[in-house]
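Structural description and commentary
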Amino acid sequence: MRVSALTDVGMRRRNNQDSFGYQLADGRQAWERHGHMFVVADGMGAHAAGELASRLAVDLVQHHYGKCLQTEPVENLRRALIEANHEIHRRGQANIEFRNMGTTCSALALLPEGAVCAHVGDSRVYRVRGFEIEQLTFDHSLVWEMQAVGGIQTTTDDQLLTIPKNVITRSLGPNPHVAVDIEGPFSIKCGDRFLLCSDGLSGQLTDTEIGVLLQLLPIEEAARTMLDLANLRGGPDNITLIAVEASDSIIESPENQQETIQRPRKLRPIDPRFIIVSGIGLSASVMLGMLDQWLVALTMFVISCFVMIAGLMTRGSSSDSASVDSEIGQRGRGPYRRYVCHADAALVQRMADTIEAILQAARENQWLEAITTIEAMLPEASQAARENQLAEAIQRYSKITIEAMKRIRLSRAV
Ligand code: CA
């Protein structure tokens, strides 16, 4: 497993109201019991309230997920978010300074049965596999909810553009009860990359950009480039991300789950239709017996028995299924968005434009080191772009982004 987690205040805010945390399973037993768990939270509220809410969410979700003794990790994860909501709400009610504090919370558990998300708010979880990026979570934002209700189809729709993007419809804290979305399990393959992020990142980079960078760059470099690009495009909000690469074959699913996981399962009740039909059949056979219609009664009795056995068998096959996927069942409706993400000329141009804009800004602000760095590195990147070496161009622009941002940070700190 390779993990790169970063958080940054951004360019405009004074405090960072985002938080993140993760717990990696320590050994095979822990992996089978609760897997790896990652969580990102984006707090809101005046002054310290947002910071406290997101910190509480991350700490409490990890705490409750870790300590839960129930055997089913998906339910544990959901409970962990509900417990976190209770506590954040209680703290918000108890102190006027923290009244109505809230936070988004997106948690991802990588389990033997697959990847499962528990989610409230508009932070996001993505999976990148090959040339495809999928958003596994639904944004609980006004824009997404209105799109879901219907009528408004595209992001370019006039009506939609008038809706403020940062209005969220669900969060942990403000209310005593919260509905937690569970998405998954989604299969995991060696080489898959997962990303959890706050809207400070997803608001500044397109889904395809995120996909291409995660697919093309080593995970640490991809994480740093995404964060710096969000900053170089203005960094209006706090930026937080956890990038995870499934590099260990132990976590592959669902192929390996049959040997690795034996969770106690609840038996499903018999489908009531079987009970009704066989009940009617049995009563009828008794009545026919009383009327001395022995042959018909016996036939009826045998049919009723068969119906009951069929009911038991359907119940048995669903609970005995070797696939845990089908035991838990796919929950939620994710993935909600899916894009093919190739390194294309438009994307390269967009990165080039960002670098060009930052070079301008560096000149205006006399950030001399940043200017020297960009000017030294730019020709090779531009050449790769001109020669249509798109992957190489993106790798080079990514390096410029990281180096330029390092220098700019130093200049701003002076
Ligand atoms: Ca935010």
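Note that the coordinates shown come from a computational prediction; the quantities given were computed from them, not determined experimentally. Residue numbers restart at each chain and count upward from 1, following the sequence in its written direction. Reporting of local features is limited, given that this is a predicted model, to residues whose pLDDT is at least 70; pairs of side-chain atoms are given and counted only at 80 or more, and all residues count toward the totals for whole chains, interfaces and linings. In computing side-chain values, all of the structure's heavy atoms are included and hydrogens and water are not.

Focus on the overall build of the chain
Helix and strand definitions here come from DSSP, where helices need a minimum of 4 consecutive H or I residues and strands a minimum of 2 consecutive E residues; each element is numbered from the N-terminal end. Along its length, the chain carries 15 helices and 12 strands. Residue burial in the chain is summarised as follows: out of 414 residues, 50% are buried. Across the chain, the fraction of contacts at a sequence separation of at least 24, relative to all contacts at a separation of at least 6, is 74%. In this description, accessible areas are obtained by the Shrake-Rupley approach with a 1.4 Å probe, and a residue is regarded as covered only by the protein chains that are shown. On the chain, roughly 19,600 Å² of surface is accessible, and the fraction owed to carbon and sulfur atoms is 55%. The rule is simple: take the accessible area with a 1.4 Å probe, protein chains only, and divide by the maximum for that residue type; under 20% is buried, over 50% is exposed, in between is partly exposed. When checking whether two residues touch, look at their non-hydrogen atoms; a contact exists if any pair is within 4.5 Å.

What to know about the side chain of Thr225
Mapping Thr225 onto the fold places it in helix 8 (residues 219–232). Beyond its immediate chain neighbours, meaning those up to four positions away, Thr225 contacts Leu213, Leu217, Met351, Ser398, Thr401 and Ile402.

Topic: the packing of aromatic side chains
Any two rings among Phe, Tyr and Trp, with Trp reduced to its six-membered ring, count as a pair given centres within 6.5 Å; such a pair is stacked if its planes are under 30 degrees apart, edge-to-face if over 60, and tilted if neither. As enumerated under the stated definition, the model contains 3 aromatic pairs in all. Note on Phe138 and Trp144: the rings are 5.3 Å apart at their centroids and 90 degrees apart in plane angle, and the pair reads as edge-to-face. Neither Phe138 nor Trp144 differs from the other in exposure class; each is buried. Classification of Phe138 as buried rests on a relative accessible area of 13%. Taken together, the ring pairs in this structure connect Phe138, Trp144 and Tyr336 into an aromatic cluster.

Observations regarding a nonpolar patch on the surface
Patch definition: residues above 30% relative accessible area lacking any salt bridge, with like charges linked at up to 9 Å and the nonpolar side chains Val, Leu, Ile, Met, Phe, Trp and Tyr linked at up to 5 Å. Any carboxyl oxygen of Asp or Glu that lies within 4 Å of a side-chain nitrogen of Lys or Arg is treated as forming a salt bridge with it. A surface patch of nonpolar side chains, about 340 Å² in accessible area, is lined by Leu282, Leu298, Phe301 and Val302. Tallying contributions element by element places helix 11 (residues 294–320) first for the nonpolar patch, with 3 residues. Its location among the elements puts Leu282 in helix 10 (residues 272–290). Residue class for Leu282 comes out partly exposed when judged on its relative accessible area of 34%.

Looking at the coordination of the calcium ion
A donor here means any N, O or S atom no more than 2.8 Å from the metal (3.2 Å for Na, K and Ca); water is not included, so a site may seem to lack partners. Summarising the metal site, the calcium ion is bound by the protein donors Asp42 (OD), Asp42 (OD), Asp199 (OD) and Asp237 (OD), whose distances to it range over 2.3 to 3.1 Å. The sequence motif formed by the donor residues of the calcium ion is D-x156-D-x37-D. Of the two residues, Asp199 is situated in helix 6 (residues 199–202) and Asp237 in the loop between helix 8 and strand 11 (239–245); the sequence distance between them amounts to 38 residues. The exposure class of Asp237 is buried, given its relative accessible area of 14%.

Examining the sheet that holds strand 1 (residues 2–8)
Pairing in this open sheet of 6 strands is antiparallel, and the strands run 1-11-10-7-8-12 from one edge to the other. The outermost strands of the open sheet, each flanked by one partner alone, are strand 1 and strand 12 (337–340). Between one strand axis and the next, the sheet turns through 15 degrees on average, direction left out of account. Pairing geometry for strand 7 (residues 124–129) and strand 10 (residues 193–197), over 5 bridges, is antiparallel. Pairing between strands is defined by DSSP: at least two bridges between the two strands are required. Helix axes are fitted only over the stretch in contact, all axes being lines through C-alpha atoms; the angle between N-to-C directions runs from 0 to 180 degrees.

Points about the packing of helix 13 (residues 345–365) against helix 15 (residues 390–413)
Contact pair helix 13 / helix 15: the axes reach a minimum separation of 10 Å and the direction vectors enclose 25 degrees. As the angle between them shows, helix 13 and helix 15 are arranged roughly parallel. The chirality of how helix 13 crosses helix 15 is left-handed. Of helix 15, the residues touching helix 13 (which contributes Ala345, Leu347, Val348, Met351, Ala352, Ile355 and Ile358) are Leu390, Ala393, Ile394, Tyr397, Ser398, Ile400, Thr401 and Ile408. Polar here means any residue other than Ala, Val, Leu, Ile, Met, Phe, Trp, Tyr, Cys and Pro, which are nonpolar, and Asp, Glu, Lys and Arg, which are charged; Gly is therefore polar. Of the residues belonging to the contact of helix 13 with helix 15, the class tally is 13 nonpolar, 2 polar and no charged. Roughly parallel means an angle under 35 degrees; roughly antiparallel, over 145; roughly perpendicular, 65 to 115; everything else is oblique. Left-handed describes a crossing whose near helix is turned anticlockwise from the far helix through less than a right angle; right-handed describes the clockwise counterpart.

Here's the deal with the nonpolar core
We define the nonpolar core as a collection of buried residues of types Ala, Val, Leu, Ile, Met, Phe, Trp, Tyr and Cys that are connected through side-chain atoms lying within 4.5 Å of one another. Counting residues in hydrophobic clusters, the biggest one holds 48 residues, and the most contacted among them are Leu195, Leu201, Leu214, Met226, Leu241 and Tyr397. Broken down by secondary-structure element, the contributors of at least two residues to this core are strand 7, strand 10, helix 7 (207–216), helix 8, strand 11, helix 13, helix 14 (368–386) and helix 15. If sequence neighbours within four positions are ignored, Leu195 has contacts with Arg124, Val125, Tyr126, Leu201, Ile210, Leu214, Met226, Leu241, Ile242 and Ala243. Core analysis: the second largest hydrophobic core is formed by 31 residues, Val61, Ile88, Leu111 and Val180 among them.

Thoughts on the confidence of the model for the chain
Atom-level detail of predicted coordinates should not be read off regions where pLDDT is low. Known as pLDDT, the predictor's confidence for each residue is given on a scale from 0 to 100. Per-residue pLDDT for the chain has a mean of 86; in total, 84% of the residues score no lower than 70. Across residues 256–262 the pLDDT falls below 50, and counting only partners more than four positions away or on other chains, this stretch makes 16 contacts in the model.

Some details on the environment of Cys197
Mapped onto the fold, Cys197 is located in strand 10. Residue Cys197 is classed as buried on the basis of its relative accessible area of 0%. Along the sequence, Cys197 and Asp18 sit 179 residues apart, while their C-alpha atoms lie 9.7 Å from each other.

Some points on the environment of His342
Take His342: it is sitting in the loop between strand 12 and helix 13. By relative accessible area, which is 41% here, His342 ends up partly exposed. The sequence separation of His342 and Gly130 amounts to 212 residues, and the corresponding C-alpha distance is 9.5 Å.

Side note on unusual backbone geometry
Residue Pro185 follows Gly184 across a cis peptide bond; omega there is 0 degrees. Considering the arrangement of structural elements, one finds Pro185 in strand 9 (residues 181–186). Unusually for a residue other than glycine, Asn100 sits at a positive phi of about 65 degrees. As for its position among the elements, Asn100 is in the loop between helix 3 (73–94) and strand 4 (102–103). Using a relative accessible area of 51% as the deciding quantity, one classes Asn100 as exposed. Backbone geometry at Asn388 places phi at a positive 65 degrees, although glycine is not the residue there. By secondary structure assignment, the location of Asn388 is in the loop between helix 14 and helix 15. Among the residues examined, Asn388 registers a relative accessible area of 54% and is labelled exposed.

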